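# Working through the structure, step by step
What follows is each chain in one-letter form.
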Amino acid sequence: MSTEAHIVDAIQESEFNTLLTQEKILVVDFTATWCGPCRLISPLMEQLAEEYKGRAKVVKVDVDNNKPLFKQYGLRSIPAVLIFKDGDLVEKIVGVSPYEQFSGAVEKLL
């Protein structure tokens, strides 16, 4: 029984550009429903969103529904987590990584 509340919103490409200009720090998890490794980092993204609430915005992008956005950043595999500061891509973490790698990347931008 899961009581976990999902605080990471799934966004579409149209919302991405708006968030990029609005958020100081934006963490984007490129994912897909069929991707096993993506399911492993999903709880880490929830934890990151909770820990950095109000300081960093964490969102998910389904690559199947947003292929142009996926290709725009030269991504070839998922999970891929891109971290933006003031609209600029500053960090790209591809594959399953420990929570500390994600939190450390956000922490150094704050």
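Please refer to the structure placed before this passage.
Structural notes, computed from the coordinates. Counting restarts for each chain, with residues numbered from 1 along the sequence as it is written. Where local features are concerned, this predicted model is filtered to residues with pLDDT of at least 70; where side-chain atom pairs are given and counted, the filter is 80 or more; whole-chain, interface and lining totals use all residues. Side-chain measures here rest on the full set of heavy atoms in the structure, leaving out hydrogens and waters.

Bringing the overall build of the protein chain into the picture now. A count of helical and extended segments in the protein chain gives 4 helices and 5 strands. Helix and strand assignments follow DSSP, with helices taken as H or I runs no shorter than four residues and strands as E runs no shorter than two, numbered in order from the N terminus. What you see in the protein chain, going N to C, is helices and strands ordered as β-α-β-α-β-α-β-β-α. Radius of gyration here is computed from C-alpha atoms only, and the compact-globule reference equals 2.2 Å multiplied by the residue count raised to the power 0.38. Taken against the 2.2 N^0.38 rule, which gives 13 Å for 110 residues, the C-alpha radius of gyration of the protein chain at 13 Å falls within 12% of a compact globule. Summarising its shape, the C-alpha atoms of the protein chain cover approximately 40 × 30 × 20 Å along the three principal directions. Note on classification: 1.4 Å probe, protein chains only; a residue is buried when its accessible area is under 20% of the maximum for its type, exposed when over 50%, partly exposed between these limits. Counting over 110 residues, the protein chain shows a buried share of 45%. Should any heavy atoms of two residues lie within 4.5 Å, those residues are considered in contact. Summarising the internal contacts of the protein chain: among those between residues at least 6 apart in sequence, 68% fall at separations of at least 24. The Shrake-Rupley method, run with a 1.4 Å probe, gives the accessible areas here. Residue values count only the displayed protein chains as cover. Summing over all exposed atoms, the protein chain offers an accessible surface of approximately 6,000 Å²; the carbon and sulfur share of this is 51%. His is not counted, nor are the chain ends; Lys and Arg add positive charge and Asp and Glu add negative charge. Each charge is placed at NZ for Lys, CZ for Arg, CG for Asp and CD for Glu. Averaging the locations of the 12 positively and 16 negatively charged side chains of the protein chain gives two centres separated by 4 Å.

Turning our eyes to something else, we now look at the packing of helix H2 (residues 36-51) against helix H4 (residues 99-107). Relative orientation of the contacting elements H2 and H4 amounts to 35 degrees, with a least axis distance of 10 Å. The element H2 and its partner H4 pack so that their crossing is right-handed. Contact with H2, carried on its side by Ile41, Leu44, Met45, Gln47, Leu48 and Glu51, involves Tyr99, Phe102, Ser103 and Val106 of H4 and no other residues of that element. The nonpolar class holds Ala, Val, Leu, Ile, Met, Phe, Trp, Tyr, Cys and Pro. Asp, Glu, Lys and Arg form the charged class, and all remaining residues, Gly among them, are polar. Here the contact of H2 with H4 is composed, by residue class, of 7 nonpolar, 2 polar and 1 charged. The convention used is that axes are lines fitted to C-alpha atoms, helices contributing only their stretch in contact, and that angles between N-to-C directions extend from 0 to 180 degrees. Note: crossing handedness is left-handed where the near helix turns anticlockwise from the far helix by less than a right angle, and right-handed where it turns clockwise.

A word on the side chain of Ser97. By the element assignment, Ser97 lies in the loop between strand E5 (88-94) and H4. Note on Ser97: relative accessible area 8%, which makes it buried. We define a polar contact as two N or O atoms separated by no more than 3.5 Å, with the added condition that, inside protein, one atom must be a possible hydrogen donor and the other a possible acceptor, whereas residues neighbouring each other in sequence contribute only through side-chain atom pairs. Side-chain polar atoms of Ser97 contact the side chain of Gln101, separated by 3.2 Å. Residues within four places of Ser97 in sequence aside, it is in contact with Ile41, Leu44 and Phe102.

As a further point, take the environment of Lys67. For Lys67, the position within the fold is in helix H3 (residues 67-72). Distance in space between the C-alpha atoms of Lys67 and Glu13 is 9.0 Å, their sequence separation being 54 residues.

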